[in-house]
Amino acid sequence: MNHITSDPLDRHRFPLDDWALVETHVDADDEGTTETLFALGNGYLGFRGNVEEGRDGHVHGTFINGFHETWPIRHAEEAFGFARVGQTIVNAPDTKVVRLYVDDEPLILNDADLLSFERRLDFKTGVLSRELEWRTPSGKRVHIRSRRMVSFTDRHLAVLDYEVTLLDADASLVLSSQIINRQDRQDDYLTNAPEPGMGDPRKAESLTERVLQPRYKLIDGPRAMLGYQTTNSGMTIVAGADHTIETENEYEVSTHIEADLAKHVYTIRGRAGVPTKLTKIISYHTSNAVPPKELADRCARTLDRSAENGIESAIRNQELWLEDFWARSDVEVHGQPAIQQATRWNLFQLAQASARTDGGGVAAKGVSGSGYGGHYFWDTEVYVLPFLSYTAPLVARNALRFRQNMLDAARSRATELNQHGALFPWRTINGLESSAYYAAGTAQYHIDADISYALRQYVAATGDEDFLARGAVDIFVETARMWADLGFWRANGKDSFHIYGVTGPDEYTTVVNDNLYTNVMARSNLLSAVEAVERLREDDPASFERLVTRLSLDDAEVREWQRAAEHMHIPFDKRLGIHPQDAQFLEKELWDLDHTPPEHLPLLLHFHPLVIYRFQVLKQADVVLALLLQGDHFTDEEKLADFDYYDPLTTGDSTLSAVVQSIIAAEVGYQRLALKYFWSALFVDLANLHRNTPDGVHVASTGGVWSALVLGFAGMRDHGGVISFSPRLPVDWQGITFRLTVKGTRVRISVRRTEMRFTVEEGDSASFVVGGGNVIVEAGTTVTVPLDNQGPHLVGEPSASDIEGSRRADGSLITVSMPTIALGPADTESIPIIQPQSE
Ligand code: BGC
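Residues numbered from 1 in each chain as written. Predicted model: local features only at pLDDT ≥ 70, side-chain atom pairs only at ≥ 80, totals over all residues. Heavy atoms only, no water.

- Under the annotation held in an unreviewed UniProt entry, the protein chain carries the name Alpha,alpha-trehalose phosphorylase and is attributed to Plantibacter flavus.

Right, here's the structure in full:
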C-alpha cells in the first residue's frame, strides 16, 4: 500500500477543524470517496453522503444493517459443505432526495456555477450541513442551506431540511422531495443500469433480478411511504417521510406515487429575499417477517412522535448523545491538529457503525457502503470490540449477544464440517456461511477464537459475569469443543496438540498446518472456557447446573480442553529464532516486495491465488497480531525477531494490517515506523489510500486507530484482566489523553513524555499497572506517575535483505524473487476468450 508520513489532505479544500470534517469545494473526481467520508449512520440506518439534489452521485446509497437479499451461490465445481446461500445488503429506498429547480433549471452540483460552497460533518452535533450559493444559467443567485442527521437516540429516525433563498431576483422554484427505490431503479426517470466493477472481491455482488417487491404505498397529505419485501430472503421494509414547508412565498403542492417512487412537488413563486424551507422527517422500519402494513404503522408512530417534538429537538438530542459519546470515547492528541481531526473522524465512524445496531452485527463497512456485501467478519471482535468494551460496554454486550444468538447456526455449520461444538461463519449476515471461497473464508477457523477473545476481554473490562451466567458462556463451551475436536495429538517424544488444515488471518497463505496465530488463539480460547466454567461452578452453582443440562457438559471434556491447551504446539524455528507462520511457511521463496511495482498492489487484484500462495508474502499481520493479542506469551526478544522477519514481507493489502504493525512496531522500538503505519491507517479513508473508500468506511481500521493510540502509543495491555501501560509516545508529540471505562469507572488518562496521569471522572476507583508498579485511582483524585522512558528506540526499519540468504532445514538457500510476468485487470481483458466450437 501507499504509506504516508505526513498530512496527505489538501487543506484548502479540507481545512483543519478539531471537531468537523469540512469541504470547501466540490470535486466530481472523488465523489465516491466524499460520499463515504460524509456518510451518516447510527449502526442501524446509514445514508451515504450523496447530495440532496440526488442526480450527481457515485453510488446513491441507503443501508439498513442486516437488511439483505439472498441468492443461491452457484459454484462452477461443487463440493460437499461449500457455502450455499449468498447474502448481499440491499440498497434501501432513498428518502434523502430533494431536487431543486430554479426557473426550471435543475441544480446539478457537479456542473453548477457555485459562488461559494461548504459542506460540514460536525462530530459534536452529528449533523451534516451544507451552505452554498449558486448562480443559475440565467444569472440569478440562489442561496441554499441544508442539514441532515441520522439519529443516535431514535434509530428509526432521520431528519433533513432544505432552505432556498433567491438573493437578487424573483424566480419560479420547484422543490421535488422524493422516496426512490434505487435498488431496482436508478432515478425518477431512469431504470437501473448494471453496476460496473465486478471482479474485485471486496465489492458487493450486484443483484441482477428485481430485489424489492412492492407491497405498500401511501401518499396522504404531507406523508409518503413505500414498503417492500425482498424477493428471496423475505425481509420487509417501509420507508416513510413527512413534509413541512415554511415560507412567506406563495406555493402549491402536488403529489405522485407509484411502486418505486413517491413525490411531493412544491411549486413556489419565489420572491427575492424570501426564504423557503422544506423539512423532511424520515423513518425506516425493517423486519425478518412482519408484514409491511405493520411496519407502516410503526413508521407512522415514529413520524407522529417526531413531528410533535420537531426537528430542533431531534438535533438537540443528537448533541446530548454525542456529548456523552465524546466524554466516554474521545482521544486528544495534543498539538497535532491534522491528527486530531482525523482521529475524531475515525472515532465518529465507530459510533456511526456500531451505536444502535441493537442486537445486529457491525458490518465491515458499517452502514456507509455496500463493500463486502454488508457482511460481518472477525473485524468486529478483534478490531472494534476492544474500543467498545472500554468505552461503550452496552454496545459491546449487544455485539456479543448477536454472536450468542448465532450459536445454533454455528453448531449446524460445525456439524456440516464434521466437528463437534460450533463453528462461526467467516462472513455472514444471517448466520449462514457466505464465503464462496473456502480457502480464504471458512478455513479461517480462528474466528471462533476471536469471538471468545472478545468475550473474555469484555467480561474482564466490565466485570459483567452475569452476561456469561445468562448464557454467553455457551460461546466458550461450544468453541472449545470445536478446537478440542479439530486438533489432534501427536507423540514425538512428548505429547503435543496440533491443528491442521486452517487459514490464519493472512489470506495470502491458506489451508496450512499449525498456523501460529490460530494455535495461540485456540489455546487461549480453550483456557477461557475452562476458567469460565470453573468460575461458574464456584460462584453460581444454579447457573452452572443449567449450563451442564443445557449443553450436556461433562467434567472429562473440560479436563481435555485444559490438556489440549497446555500441550498446544507452538511452532518455533531455532535457526532463525522466530515463530514460523505455519508448519510449511519457511520452506517457501520470499516475495520481493521491495521491487514489486506499486501498480501491482494489492497482489490479490493482479496475481492468481496459487502464485501468491507459493511465496512467503503476507496480506496482513498474522504472527504479529498474535504478538499483540497474546503478548504475555512471547518474550521481548521473540517479539522483535518476529517483527523483523515478518514486517518486510507484509504488503498491508488489507487495511486490517497497518494498525497492528503500528502497535507492535511501537512496542519493539521502531518508533518512526510505528508512526508511519499510524498515519497510513489514520488516513486510509480520508485520503483513499487503498483506492476503495467509495465502497464504504474501513471500519476495522477505524477501531484499529483507537487501538494504535491506546495500545500502541499509550502502550496499554490487558492480559489476564490486568491493565498495564508502557507508553511509546512519538517523539514529536506533546501527549495524548483518552478515557477508559473499567468495571463501571470512567478514568481519564493522559500520557506525557515524563509522566502519566489518571483521574476518575465517574464511578469509584480503578487500578492499573505502570512500569511494574500498581496504581490505584479513587474518585475525586488525580494520580501522577513518573515515566522513566518511552521504551526502546531502534533506528531504521526491518528489511528483507536481512532475511535474504537464510536457509531451509535441508540447507538450501531461500531466494528473493517474484513472478516475472504480471498482468493488470485491464490486460486480462485482452486475453482472447476461446469460444466453444458449435457442432
Ligand atoms: C481481510 C480480512 C477482513 C476482510 C473484511 C479482507 O481483506 O483480509 O481479514 O476480515 O477484509 O474487512
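1. A look at the UniProt feature "active site" (unreviewed entry) in the protein chain
- The feature "active site" (unreviewed entry), as given by UniProt, occupies Glu507 in the numbering adopted here.
- Considering the arrangement of structural elements, one finds glutamate 507 in the loop between β22 (494–498) and α10 (516–539).
- Apart from the residues lying within four places of it in its own chain, the contact partners of glutamate 507 are Trp426, Ala440, Gln444, Tyr613, Lys619 and Gln620.
- Among the polar contacts listed, one links the side chain of glutamate 507 to the side chain of glutamine 444, at a separation of 2.8 Å. (UniProt positions renumbered as here; feature names shortened; annotations may be inferred. Helix = DSSP H or I, 4+ residues; strand = E, 2+ residues; numbered from the N terminus. Contact = heavy atoms within 4.5 Å. Polar contact = N/O pair within 3.5 Å; in protein donor to acceptor, adjacent residues only side chain to side chain.)

2. Here's the deal with the sheet that holds strand β27 (residues 735–742)
- Taken in spatial order, the five strands of this open sheet run β20-β27-β28-β29-β32, and their pairing is antiparallel. The sheet terminates laterally at β20 (331–334) and β32 (782–786), the two strands that pair on one side only. Sheet twist, expressed as the mean angle between neighbouring strand axes with direction ignored, is 20°.
- Both β20 and β27 contribute to a ladder of four bridges, which runs antiparallel. Across the sheet, residue glutamate 332 finds its bridge partner in β27, namely threonine 737. (Pairing = 2+ DSSP bridges. Axes fitted to C-alpha atoms, helices over the stretch in contact; angles between N-to-C directions.)

3. So, the nonpolar core
- Residues Phe725 and Phe758 are the most contacted members of the largest nonpolar core, which totals 219 residues.
- Broken down by element, this core gets its largest block of residues, twelve residues, from helix α9 (residues 465–486).
- Ignoring anything within four residues of it in the chain, the contact list for phenylalanine 758 reads Phe725, Val747, Arg748, Ile749, Phe768, Val770, Val775, Val777, Thr781, Thr782, Val783 and Val785.
- Counting residues in each nonpolar core, the second largest holds 17 residues, with Tyr216, Ala296, Cys299 and Ile315 among its members. (Core = buried A, V, L, I, M, F, W, Y, C linked by side-chain atoms within 4.5 Å. Buried < 20%, exposed > 50% of the residue type's maximum accessible area, 1.4 Å probe, protein only.)

4. Description of the side chain of threonine 518
- If you trace the backbone, threonine 518 turns up in helix α10.
- Classification of threonine 518 as buried rests on a relative accessible area of 1%.
- For threonine 518, the side chain forms a polar contact with the side chain of asparagine 515, separated by 2.6 Å.
- Apart from the residues lying within four places of it in its own chain, the contact partners of threonine 518 are His446, Trp483, Val502, Thr503 and Gly504.

5. So, the domain arrangement of the protein chain
- Split by domain assignment, the protein chain resolves into domain 1 (1–18 + 332–367 + 585–839), domain 2 (38–326) and domain 3 (406–571).
- Each partner contributes to the interface: domain 1 provides 28 residues, whereas domain 2 provides 33 residues.
- Buried surface at the junction of domain 1 and domain 2, both sides included, amounts to about 2300 Å², of which 58% is carbon and sulfur.
- For domain 1, the biggest contributors to the area lost against domain 2 are Phe348, Arg356 and Val367; these three give 32% of the whole. (Domains from an automatic or database assignment. Buried area = accessible area lost by both parts, 1.4 Å probe.)

6. Observations regarding the pairing of strand β10 (residues 128–135)
- As paired strands, strand β9 (residues 113–122) and β10 are joined by eight bridges and run antiparallel to one another. Its bridge partner lying in β10, glutamate 118 is registered against glutamate 131.
- What sits between the antiparallel neighbours β9 and β10 is a turn of five residues, in which glycine 126 has the positive phi angle 70°.
- Pairing between β10 and strand β11 (residues 141–150): eight bridges, direction antiparallel. Bridge pairing in β11 links glutamate 131 to arginine 145.
- Here β10 folds back onto β11 in antiparallel fashion, the turn holding five residues, of which glycine 139 has a positive phi close to 95°.

7. Focus on the pairing of strand β14 (residues 212–220)
- The pairing of β14 with strand β15 (residues 223–230) spans eight bridges and is classified as antiparallel. Bridging from a neighbouring strand, glutamine 213 pairs with glutamine 229 of β15.
- Following β14, the chain reverses through two residues before pairing antiparallel with β15; glycine 221 in that reversal takes a positive phi of roughly 55°.

8. Here's the deal with empty space enclosed by the protein
- Evaluated as defined, the whole model comprises seven cavities of 30 Å³ or more.
- What the largest cavity holds in volume is close to 200 Å³.
- For the lining of the largest cavity, the secondary-structure elements that each account for two or more residues are α5 (379–391), α8 (446–462), α14 (623–629), α16 (658–668), α18 (699–713) and β25 (716–717).
- Approximately 140 Å³ is the volume found for the second largest cavity.
- Elements supplying a minimum of two residues to the lining of the second largest cavity: α1 (31–37) and β9.
- The dominant element in the lining of the second largest cavity, judged by the number of residues it contributes, is α1, at three residues. (1 Å grid on protein atoms, 1.4 Å probe; cavity = no way out; pocket = protein on both sides within 12 Å on 5 of 7 lines; lining within 4 Å. Points joined across faces, edges and corners; volume = space filled by probe spheres on them.)

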